[in-house]
Amino acid sequence: SSTNTKIIIREGISPKTLLKLQHSKLRAKILLFIKKILYSYADMIVANSHDGIEEIKELTKKPKLKTIENICEFENSKIIKDNGFHKLFSNNKKTLIAVSRLNKVKRVDILINSLSVVNQMHDAQLIIIGEGPEKQNLKDLVKKLNLEENVHFLGFRHDVMQWMINADIFVTASQVEGSPNSLIEAICLGLPSIATDCPTGPKEILNNGDLGILIPMDSEKHMIEAIRLLIEDENLRMKFVNLSKSAKSRYSSERIVNLYLDAINSMN
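Treat the numbers as computed from the prediction; the structure is a model and nothing was measured. (Residues numbered from 1 in each chain as written. Predicted model: local features only at pLDDT ≥ 70, side-chain atom pairs only at ≥ 80, totals over all residues. Heavy atoms only, no water.)

## Focus on the pattern of salt bridges
Working step 1: Overall, the coordinates contain eleven salt bridges when judged by the stated rule.
Working step 2: Its salt-bridge partner being arginine 250, residue glutamate 69 comes within 3.3 Å of it at the nearest N-O pair. Here the residue glutamate 69 occupies a position in the loop between strand 3 (64-67) and strand 4 (94-99), and arginine 250 occupies one in the loop between helix 10 (234-247) and helix 11 (253-266), the gap between them amounting to 181 residues.
Working step 3: The class of glutamate 69 is buried, set by a relative accessible area of 9%.
Working step 4: For arginine 250, a relative accessible area of 23% gives the class partly exposed.
Working step 5: Arginine 255 is the salt-bridge partner of glutamate 69, the closest N and O atoms lying 3.0 Å from each other. On the criterion of sequence distance, the pair formed by glutamate 69 in the loop between strand 3 and strand 4 and arginine 255 in helix 11 is long-range, its members being 186 residues apart. (Salt bridge = Lys/Arg side-chain N within 4 Å of Asp/Glu carboxyl O. Helix = DSSP H or I, 4+ residues; strand = E, 2+ residues; numbered from the N terminus. Buried < 20%, exposed > 50% of the residue type's maximum accessible area, 1.4 Å probe, protein only.)

Written out as structure tokens, the structure is:
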């Protein structure tokens, strides 16, 4: 509007990721064109990952760029580990949990196929929280592999954190992300985690594999190996649990708010 009002754009997902999610190439090109125009009017662009910032640099050189992570806090929530929370946690199976939209790029099929192999050596189950267009195909895969007693689709839940904290391992096989909140929440809850090294976010959240296991994308082999390793190596699980405690402060509202205030003040 040609005023002196400062404009900040916040990107919650990397530009390349957004384009990969489009079924139409024409729609992707139009969205990219619109983004470039909007970027040119901004005084600052904030992204929730460093890799996201690097992608934005390819589209614009004008505004200031700043990385500010997502907030993750449970201060006002009563989230405690309780095996009596649900009967699924009283069957002595190692419990894997995935929190994800059920679409093709999330590759939940890899988690199901991997569980089928892992179950030949360990008694494990997979809890899947989320909805999406691939749900029926994933259910058909579960039936084909005779995993109906080991894979549980819970749909959308309002008590996701309670399910996560009672699980043993968090898993994600996504091909693309922004900065996945579910992985951040798993780390903050002290849940040993496995994630694919996809653009963008997981590598930064897991600190290049120091806070969890980082595996290549689209690899059932590596997912199987990672799940087996965490099931069999209690010391490694406890290492990730203990390291996660120090990571919580990175996503505190106090730190994130101060980063935004600093960003805003830097423009005045």
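After that view of the structure, there is still more to cover.
## Some words on the sheet that holds strand 1 (residues 8-11)
Working step 1: As summarised here, the arrangement of the three strands in space is 1-2-3, forming an open sheet in which the pairing is parallel. The sheet is open, and its two edges are formed by strand 1 and strand 3, each paired on a single side. Here the strands of the sheet are splayed against their neighbours by 20° on average, with no regard to which way each runs.
Working step 2: The pairing of strand 2 (residues 44-47) with strand 3 spans four bridges and is parallel. Of the residues in strand 3, the one forming a bridge with methionine 44 is lysine 64.
Working step 3: Taken strand by strand, helix 3 (residues 50-57) contacts strand 1, strand 2 and strand 3, and its axis lies near 160° from that of strand 3. (Pairing = 2+ DSSP bridges. Axes fitted to C-alpha atoms, helices over the stretch in contact; angles between N-to-C directions. Contact = heavy atoms within 4.5 Å.)

## What to know about the pairing of strand 1
Working step 1: Burial along strand 1 is one-sided: Ile9 and Glu11 are buried, and none of Ile8 and Arg10, which face the opposite way, are.
Working step 2: Pairing geometry for strand 1 and strand 2, over four bridges, is parallel. Bridged to isoleucine 9 within strand 2 is isoleucine 45.

## A short note on helix 11
Working step 1: Over its 14 residues, helix 11 extends 20 Å from the first C-alpha to the last, a length consistent with the 20 Å expected when each residue adds 1.5 Å.
Working step 2: For helix 11, the full list of buried residues reads Ile256, Leu259 and Ala263. For helix 11, the buried positions fall inside an angular range of 60° around the axis, keeping them on one side. More than 90 degrees from the buried face of helix 11, the exposed residues found are Glu254 and Asn265.
Working step 3: For helix 11, the secondary structure elements touched by its buried residues are strand 2 and strand 3. (Expected span 1.5 Å × (residues − 1). Arc of directions from axis to C-beta.)

## Describing empty space enclosed by the protein
Working step 1: The full count for this structure, using the stated rule, is one cavity of 30 Å³ or more.
Working step 2: In this structure, the largest cavity encloses a volume near 40 Å³.
Working step 3: Class assignment for the residues of the lining of the largest cavity results in two nonpolar, six polar and three charged. (1 Å grid on protein atoms, 1.4 Å probe; cavity = no way out; pocket = protein on both sides within 12 Å on 5 of 7 lines; lining within 4 Å. Points joined across faces, edges and corners; volume = space filled by probe spheres on them. Nonpolar A, V, L, I, M, F, W, Y, C, P; charged D, E, K, R; others polar.)

## What about the packing of aromatic side chains?
Note on aromatic pairs: each is described by the distance of the centres and the angle between the planes.
Working step 1: For the coordinates displayed, the defined rule picks out three aromatic pairs.
Working step 2: Where phenylalanine 85 meets phenylalanine 89, the ring centres are 6.3 Å apart and the plane angle is 40°; that geometry is what we call tilted.
Working step 3: Residue phenylalanine 85 is classed as partly exposed on the basis of its relative accessible area of 26%.
Working step 4: On the basis of relative accessible area, phenylalanine 89 is assigned to the buried category, the value being 9%.
Working step 5: When the centroid spacing of 5.2 Å and the interplanar angle of 80° are considered together, the rings of phenylalanine 85 and tryptophan 163 count as edge-to-face. Separated by 78 residues along the polypeptide, phenylalanine 85 in the loop between strand 3 and strand 4 and tryptophan 163 in helix 6 (residues 160-166) bring together distant segments of the chain.
Working step 6: Taking relative accessible area as the criterion, tryptophan 163 reaches 1% and is therefore assigned buried.
Working step 7: One aromatic cluster in this structure is built from Phe85, Phe89 and Trp163. (Phe/Tyr/Trp six-rings, centres within 6.5 Å; stacked < 30°, edge-to-face > 60°.)

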